[in-house]
Every structure is written in structure tokens, then in C-alpha cells.
Amino acid sequence: MPKRQDGMLQCNRCGCRTSLTTTNGTYFKDGRRINGTVIEKDVCANCFKDGIKSSMLPTIKPA
Ligand SMILES: [Zn+2]
């Protein structure tokens, strides 16, 4: 697992630093993007591919 830099979002499960935020209901009106409801925020993209929702945290979560 790569060493975590201070404050950097990193997955506590796999060490990946790619975060994923999913939104529901984003639409465009008059050429402007209007964001929908955030469903998942800052989950690990790597773990999400495996069907696991792992929240990414800027610090290591105490066990
Ligand atoms: Zn992960």
C-alpha cells in the first residue's frame, strides 16, 4: 500500500487514491449542468469495481 500523504484521500482497504462520487438525477437546463443528489461520495473506485463500497478517508480510521 502506498504511503499516505497527510490529508490525501486514500482507500483504507486497497490503498487506491482514485475516488468516485455518484450522483442521481443530474440534468441540463439552458445549457447549464444542475447536479443531482449525491448517492456515493468519495468511495474507492478500485473497490467499487469489485462491488465493495469502501469510503476513502484522509486519515487512517482507528480500528
Ligand atoms: Zn479500495
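Rules used throughout
- Residues numbered from 1 in each chain as written.
- Predicted model: local features only at pLDDT ≥ 70, side-chain atom pairs only at ≥ 80, totals over all residues.
- Helix = DSSP H or I, 4+ residues; strand = E, 2+ residues; numbered from the N terminus.
- Rg over C-alpha atoms; globule rule 2.2 N^0.38 Å.
- Contact = placed C-beta atoms within 7 Å.
- Buried ≥ 20, exposed ≤ 12 C-beta atoms within 10 Å, placed from the backbone.
- Pairing = 2+ DSSP bridges.

Our focus in this paragraph is the overall build of the protein chain. Along the backbone of the protein chain there are 1 helix and 6 strands. Relative to a compact globule of 63 residues, whose C-alpha radius of gyration would be 11 Å, the protein chain shows 14 Å and is clearly more extended. Seen through its C-alpha atoms, the protein chain measures out along the principal axes to roughly 45 × 25 × 20 Å. For the protein chain, contacts bridging at least 24 residues in sequence account for 45% of all contacts bridging at least 6.

For strand β2 (residues 19-24), a buried count of 0 out of 6 residues is recorded, marking the element as mostly open to its surroundings. The sheet contact formed by β2 and strand β5 (residues 37-44) spans 5 bridges and is antiparallel. Within β5, the residue paired with Asn-24 across the bridge is Thr-37.

What follows deals with the environment of Ile-39. Note that Ile-39 resides in strand β5. On the basis of neighbour counts, which here come to 11 C-beta atoms within 10 Å, the residue Ile-39 falls in the exposed class. On a C-alpha basis, the gap between Ile-39 and Thr-23 in space is 5.3 Å, while along the polypeptide they are 16 residues apart. Excluding anything up to four places from it in sequence, Ile-39 contacts Thr-22, Thr-23 and Asn-24.

On their own, these measurements won't tell you what the molecule is for.
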